[in-house]
Amino acid sequence: MTSHGADAAGSADALLTVLELLAGQAPAARFEELLDEARLAGLSGEELDRLERAVKLADQVRSGREDDARREAGLAALTDTARDLTSSYDLDSLLRVVTRRARRLLGLDMAFVTLRGQHGSCYVHTTEGARAGLDTGTGRPAAPRLAPGLKIAEGYGLGGAVQLHGEPVWTADYLADERFAPSGSLDAGVHAPAFDEAAEAAVRAEDLHAIMAAPLRSGDTVIGVLYGADRRVRHHTSEELALLAALADLAALAVEKAGLLDRTRAEVSELERDSSRVRTSLTRMRHVSEAHSRIMNLVLAGGDLGNVAKAAGDALDATVLIRDQGGRALAGGDIPGLDEEAVAKASLDAHARRRPVLADDDTWVAPVIAGSEDLGGLVIRAASGLTGEDERLLELAAQSVAFLLLMRRSTAVAEGPVRDELLDDLIADPPHAPQQLAQRARRLGVDLRKPHVLVLARPEGGEQGRAVVWASSYAYRLSGLKTVQGGCIVLLLPGIDASAAAKAVAAELSPLLGHPVSVAAAGPAMSPDGIGRMHQEAGRCLDAMSALGGTGSAASVSDLGFLGMLLSDDHDVEGFVEGAIGPVLDYDAERFTDLTRTLEAYFASGGSPTNAAEALHVHPNTVSRRLERIGELLGPEWQKPGQVLEVQLALRLQRTREVLSRGRAGTDTP
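Residues numbered from 1 in each chain as written. Predicted model: local features only at pLDDT ≥ 70, side-chain atom pairs only at ≥ 80, totals over all residues. Heavy atoms only, no water.

## Overview of the overall build of the protein chain
A count of helical and extended segments in the protein chain gives 20 helices and 16 strands. In the protein chain, 61% of the contacts between residues at least 6 apart in sequence involve partners at least 24 apart. (Helix = DSSP H or I, 4+ residues; strand = E, 2+ residues; numbered from the N terminus. Contact = heavy atoms within 4.5 Å.)

And the structure:
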């Protein structure tokens, strides 16, 4: 074979070897070795050129194949990333997937995402690959320098460029790139980048050089930036930048997805809260309805105010006190420590607004109103605050109380003529048959076998009609009787304390009428035949009060002292003496002292202790000590004119009773 033929054969074998290496995806070094072997073999220049050309074409094919493989890997990675994003729901997890995939695909040292916050500022949300140094104070690992939460000024660095242009930006060496220096420019002086000292220090602390950034878009708005960074100088290709931009688009979708999910969760939570509120409101409304039904059933069944107050208190988990228009308790529980001044002010506000009003931290006042008429109020001490439904129930309870009071008034008015006629017959002179009167009283719910007092109330001027209507309701409420005679309201009321009954009537009737009322009382009596006598005594007491200038006051026969004894039909001398000097008489009887005789000597000597001592044949100091003891027994005002007169009269009556008693004893002696 000729030399030329051998060269041709060698050249063909070398080309075949190139194809075999290319088919076997041999590394680039193996192609270089083939060229070196051909040169050593003495391949001619023309054949060597063809071989070098073949190696170069093979290298291009190999590079194209590697590019295709990278693109295929990038697309696969994007597909995997998109699939991963569909399985995660919280924003942190979604962005962590994106940053990890960016580091792996692009061979980056670090990847992080910044998002726009309020007022245009940005902050680092997620980092991957950040360094962790040591805290010089504790020696423990410190937080990454580019840590989540780091705020970045608007317009700073590559992120500012991305925000401005909406396109990816990269630099091979950020720290040396004059475009991002404080005096640099990104586009021919149109935009001067902002400088953020803290962010710049973080970049330097991480020792970042090559950085590329791609925008996270939501429509036409840039909502954040995805960064890829290396701690070395590196030139990025357009394919790498495109891959980062694709990942940034996925990150933007993740942000939108997380935002949508957050809004959806918030809406679902709000719907659940609304549903819970509706269920709670319905439950409370049902509770209000049931409680109101129970209260109204009590009212319609003839229940009293006490039962209504208890039912309302149970429904409200509170103590309920029912008061009349004068502020006096009609029924309900006791409320300790009540601030009466605050309650009075709240009561005025409640009647003006026609709804419950808070008096203090835990006390409410609800008006009891019938049309424009004030019937009183409810005072409520709640264990806890009242809800809107509780306030509604409180209003309904107040309406029920108003209804019950009006029913009582109507009943009293309806029975008024019969009850008036009965009391007229009881105080008639001469009296009617007591047994028949007692039977009539029992039919009206009045037991005359129990003690009763009689009260006369005389309005001093003004319209009497309102007083008569009030008296009917008052008597009915206390299970008593009422009539009107001689311009006076006559009340027969259960009880034993005539003085207290007179004061109670005056305290309630005077504010209602707005002018003074003179009230006199007598009693008690425990049978129908004693009622006429009480009426006469109360009449004489009322006349005596007028004669003594006591118009507009309230008193009983017993309150008038010796004058009451004179006005009384039974002339209770013993009761008068006991009331005036009873403690002194008892003291002498128990201790065998002479306080009574000392009093007599003291008054006989004109109030001189010295003269009294001479009459008693004792030392003046003894008299002074006895007078001090008398003051302790009778009270500090025993020497004032009014009480002195009663004490002297009682002493004379007691002495007279003793003389008469001795006289009877002498007569009885054989």
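## As for the sheet that holds strand β14 (residues 488-494)
Across the sheet, which stays open at both edges, the five strands sit in the order β13-β14-β12-β15-β16 with mixed pairing between neighbours. Strand pairing shows two members of the sheet lacking a second neighbour, β13 (481-485) and β16 (554-556), which therefore form its edges. On average, each strand axis in the sheet is tilted by 20° relative to the strand beside it, whichever way the strands run. Taken strand by strand, helix α12 (residues 465-477) contacts β12 (452-459), β13 and β14, and its axis lies near 10° from that of β14. (Pairing = 2+ DSSP bridges. Axes fitted to C-alpha atoms, helices over the stretch in contact; angles between N-to-C directions.)

## With respect to the pairing of strand β10 (residues 363-370)
Each regular strand displays side chains that alternate between the two surfaces of the sheet. Within β10, seven of the eight residues are buried, which leaves the element mostly enclosed by the surrounding structure. Bridging between strand β9 (residues 357-358) and β10 involves two bridges; their strand directions are antiparallel. Across the sheet, the residue bridging to Val357 is Val365, located in β10. Taking the residues that link successive antiparallel strands as the turn, the β9-β10 hairpin has four residues. (Buried < 20%, exposed > 50% of the residue type's maximum accessible area, 1.4 Å probe, protein only.)

## Some words on the pattern of salt bridges
Pairing between side chains of opposite charge can happen when the charged atoms of each approach one another. Applying the stated criterion to the full structure yields 19 salt bridges. The closest approach of N and O atoms between Arg392 and Glu395, which form a salt bridge, is 3.2 Å. Taken together, the residues Arg392 and Glu395, both in helix α10 (residues 388-426) and three residues apart, mark about one turn of the helix. With relative accessibility at 25%, the residue Glu395 sits in the partly exposed group. (Salt bridge = Lys/Arg side-chain N within 4 Å of Asp/Glu carboxyl O.)

## Describing α12
Here α12 spans 19 Å end to end across 13 residues, near enough to the 18 Å set by a 1.5 Å rise per residue. All buried positions along α12 are accounted for by Ala467, Trp470, Ala471, Ser472, Ser473, Tyr474 and Ala475. Just downstream of α12 lies Ser479, where phi reads positive at about 60°. (Expected span 1.5 Å × (residues − 1).)

## Here we look at helix α5 (residues 157-165)
Helical periodicity: at 3.6 residues per turn, an α-helix aligns residues three or four positions apart in one direction. Restricting attention to buried positions, one finds in α5 the residues Gly157, Leu158, Gly159, Gly160, Ala161 and Val162. Where α5 is buried, its residues meet β4 (169-171), β5 (210-218) and β6 (221-230). Just past α5, the residue Gly166 takes up positive phi, approximately 75°.

## Digging into the packing of helix α18 (residues 609-616) against helix α19 (residues 620-634)
Contact pair α18 / α19: the axes reach a minimum separation of 8 Å and the direction vectors enclose 110°. Judged on the interaxial angle alone, α19 and α18 are roughly perpendicular. Where α18 abuts α19, its residues Pro609, Ala612, Ala613 and Leu616 lie against Pro620, Val623, Arg626 and Leu627. Class assignment of the residues belonging to the contact of α18 with α19 gives a composition of seven nonpolar, no polar and one charged. (Parallel < 35°, antiparallel > 145°, perpendicular 65-115°, else oblique. Nonpolar A, V, L, I, M, F, W, Y, C, P; charged D, E, K, R; others polar.)

## Looking at the environment of Arg217
Within the secondary structure, Arg217 sits in strand β5. Taking C-alpha positions, Arg217 is 9.6 Å from Leu250, a pair spaced 33 residues apart along the chain. Aside from chain neighbours lying at most four places away, what touches Arg217 is Gly166, Glu167, Asp249, Ala252 and Glu256. A polar contact is formed between the side chain of Arg217 and the backbone oxygen of Gly166, at a distance of 2.3 Å. (Polar contact = N/O pair within 3.5 Å; in protein donor to acceptor, adjacent residues only side chain to side chain.)

## Thoughts on the confidence of the model for the protein chain
In low-pLDDT regions, the fine details of the predicted coordinates are not to be read closely. Considering every residue of the protein chain, the mean pLDDT works out to 76; 78% of them sit at 70 or more. Helix α15 (residues 562-567) is the least confidently modelled element of the protein chain, averaging 48 in pLDDT, while β4 averages 92, the highest of any element. Within the model, the stretch residues 663-670 combines pLDDT values under 50 with zero contacts to residues more than four positions away or in other chains. (pLDDT = per-residue confidence, 0-100.)

## Considering the nonpolar core
Of all hydrophobic cores here, the largest spans 33 residues; its most connected members are Leu305, Val368, Leu378, Ile380, Leu394 and Val401. The element best represented in this core is α10, accounting for nine residues. Of all hydrophobic cores here, the second largest spans 27 residues; its members include Leu94, Ala102, Ala245 and Ala258. (Core = buried A, V, L, I, M, F, W, Y, C linked by side-chain atoms within 4.5 Å.)

## What about the packing of aromatic side chains?
Taken as a whole, this structure holds two aromatic pairs when the rule is applied. Where Phe112 meets Tyr227, the ring centres are 4.5 Å apart and the plane angle is 10°; that geometry is what we call stacked. Of this pair, Phe112 sits in strand β1 (residues 110-116) while Tyr227 is found in strand β6, placing the two residues 115 residues apart along the sequence. Comparing Phe112 with Tyr227 shows no difference in burial state: the two are buried. An angle of 25° between the planes, with centres 4.6 Å apart, marks the rings of Trp470 and Tyr474 as stacked. In this pair, Trp470 and Tyr474 both sit in helix α12, four residues apart, roughly one turn of the helix. (Phe/Tyr/Trp six-rings, centres within 6.5 Å; stacked < 30°, edge-to-face > 60°.)

## Some words on a nonpolar patch on the surface
Together, Val278, Leu282 and Met285 line one region of the surface with nonpolar side chains, adding up to about 280 Å² of accessible area. Here Leu282 lies in helix α7 (residues 238-300). Among the residues examined, Leu282 registers a relative accessible area of 47% and is labelled partly exposed. (Patch = residues over 30% accessible without salt bridge, like charges linked within 9 Å, V, L, I, M, F, W, Y side chains within 5 Å. Areas by Shrake-Rupley, 256 points an atom, 1.4 Å probe, with all protein chains shown as cover.)

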